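A closer look at the structure
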Amino acid sequence: MKNLILIIGLIVAGYISATAQIPPVDENGLAIGGYDVVSYFDGKAQKGNAKFTVKQNGATYRFASAAHRDAFKKEPAKYLPQFDGYCAWGVAAKDTKFPINPETFDIIDGKLYLFFNGPFDGQNFNTVLLWTEETTKLKAQAHSKWPSVKNK
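The following paragraphs examine the structure supplied in this document. For every chain, the first residue of the written sequence is number 1, and numbering continues from 1 along that sequence. Two thresholds apply to this predicted model, a pLDDT of at least 70 for residue-level local features and 80 or more for giving and counting side-chain atom pairs, whereas whole-chain, interface and lining totals are computed over all residues. In computing side-chain values, all of the structure's heavy atoms are included and hydrogens and water are not.

Our next topic: the overall build of the chain. Tallying secondary structure elements over the chain gives 6 helices and 6 strands in all. If you list the helices and strands of the chain from N to C, you get α-β-β-α-α-α-β-β-β-β-α-α. Scored against the burial criterion, the 152 residues of the chain give a buried share of 38%. A separation threshold of at least 6 residues defines the contact pool for the chain, and within that pool the share at least 24 residues apart is 56%. Working definition of accessibility: Shrake-Rupley area with a 1.4 Å probe, residue cover restricted to the visible protein chains. Carbon and sulfur atoms form 55% of the exposed surface of the chain, whose accessible area is close to 8600 Å². Each helix corresponds to a stretch of at least 4 residues labelled H or I by DSSP, and each strand to a stretch of at least 2 residues labelled E; elements are numbered beginning at the N terminus. Using a 1.4 Å probe on the protein chains alone, a residue whose accessible area is under 20% of its type maximum counts as buried, one over 50% counts as exposed, and one in between counts as partly exposed. The contact definition used throughout considers only heavy atoms, calling two residues in contact when any of these lie within 4.5 Å.

Moving on, we get to the pairing of strand E4 (residues 111–115). In terms of residue burial, E4 counts as a mostly covered element, since 4 of its 5 residues are buried. Of the strand pairs in this sheet, strand E3 (residues 101–108) and E4 are connected by 5 bridges, and their pairing is antiparallel. Bridge assignment links isoleucine 108 to a residue of E4, and that residue is lysine 111. In this scheme, strands are said to pair when DSSP sees at least two bridges between them. If you look at the hairpin formed by E3 and E4, you'll find 2 residues sitting between the two strands, and aspartate 109 has a positive phi there, around 50°.

Attention now goes to the layout of surface pockets. Left-over empty space is what a probe sized like a water molecule reveals as it rolls over the atoms. Points on a 1 Å grid over protein atoms alone make up a cavity when a 1.4 Å probe fits among them but cannot get out, and a pocket when they form an open set with protein on both sides within 12 Å along at least five of seven lines; lining residues each have an atom within 4 Å of a point. Grid points are joined across faces, edges and corners, and a volume is the space filled by probe spheres set on the points. As a volume, the largest pocket reaches approximately 250 Å³. Lining of the largest pocket is provided by 15 residues; of these, Asn57, Tyr61, Pro81, Asp84 and Gly85 occupy positions nearest its centre. Contributions of two or more residues to the lining of the largest pocket are made by strand E2 (59–63) and helix H6 (135–150). Looking at the lining of the largest pocket residue by residue, the classes come out as 9 nonpolar, 5 polar and 1 charged. Residue type decides the class: Asp, Glu, Lys and Arg count as charged, Ala, Val, Leu, Ile, Met, Phe, Trp, Tyr, Cys and Pro as nonpolar, and the leftover types, Gly among them, as polar.

This brings us to H6. Note on bend: at a given residue it equals the angle between the axes fitted to the 7 residues ending there and to the 7 starting there. Where H6 bends most, the angle comes to about 40°, and this point is serine 144, followed within four residues by the proline proline 147. Those residues of H6 lying buried are Leu138, Ala142, Trp146 and Val149. Tucked into the core, H6 has its buried residues touching helix H4 (88–94) and helix H5 (127–133).

Here we take up the packing of aromatic side chains. We describe a pair of aromatic rings using the distance from one ring centre to the other and the angle between the two ring planes. Pairing of aromatic side chains requires ring centres within 6.5 Å, counting the rings of Phe and Tyr and the six-membered ring of Trp. Pairs whose planes differ by under 30 degrees are stacked, by over 60 edge-to-face, and all others tilted. Tallying each qualifying case throughout the model produces 14 aromatic pairs. Pairing phenylalanine 63 with phenylalanine 72 gives two aromatic rings, centres 5.0 Å apart and planes at 40°, and the pair type is tilted. Comparing phenylalanine 63 with phenylalanine 72, the two get one shared label, buried. In this structure an aromatic cluster arises from ring pairing among Phe83, Tyr86, Tyr113, Phe115, Trp131 and Trp146.

In this section: the pattern of salt bridges. In the sections that follow, a salt bridge refers to a side-chain nitrogen of Lys or Arg positioned within 4 Å of a carboxyl oxygen of Asp or Glu. All told, the structure shown has 4 salt bridges when counted by the stated rule. For lysine 139, the salt bridge identified is with aspartate 109, shortest N-O distance 2.7 Å. Here lysine 139, found in helix H6, pairs with aspartate 109, found in the loop between E3 and E4; they are 30 residues apart in sequence, far enough to count as distant. On the basis of relative accessibility, which here comes to 21%, the residue lysine 139 falls in the partly exposed class. A salt bridge links lysine 137 to glutamate 134; the nearest nitrogen and oxygen atoms lie 3.3 Å apart.

Two elements, strand E1 (residues 49–56) and E2, share 5 bridges in a ladder whose sense is antiparallel. Note on E2: the bridge partner recorded for asparagine 49 is phenylalanine 63. Between E1 and E2, which pair antiparallel in sequence order, lie 2 residues; one of them, asparagine 57, sits at a positive phi of approximately 50°.

Take the nonpolar core next. Counting residues in hydrophobic clusters, the biggest one holds 34 residues, and the most contacted among them are Ile32, Val37, Tyr61, Phe63, Phe72, Phe115 and Trp131. If you list the elements that add at least two residues to this core, you get E1, E2, H4, E4, H5 and H6. Other than its neighbours up to four places away in sequence, tryptophan 131 contacts Ala88, Trp89, Ala92, Asp106, Ile108, Tyr113, Phe115, Leu138 and Lys139. What makes a nonpolar core is a set of buried Ala, Val, Leu, Ile, Met, Phe, Trp, Tyr and Cys residues whose side-chain atoms join them at distances within 4.5 Å.

Here it is in structure tokens:
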């Protein structure tokens, strides 16, 4: 019985941590919750490894492999998320910086966009769904608004 309770606890803890909203850079300087920003361009959100890191703009980025780390070092601007990693929908629709769920993302025109996806007012709120309804409009709004939102 104790083992069953432990297993259930680990599953719940894993689910909570996987769906948790995080700041783009945490209080320890870790970017995107330790996710590998290069992996998004392979179509999947993948946790990075502390063995493969790069410091960029005061933040530490982790990578799943030396190859990903080296690709980032060669062209960091290619892989850095838009809006300093804040929720793209939040910038566009609400003129504010929302935290993100590092597993909720979109690649548009070779650029990485991250999104809030988690509990809000007692329900799940996935902003990427709203983003995909009006991507062209919201993308233009976000890029237009970012200079003023960035300084809030």
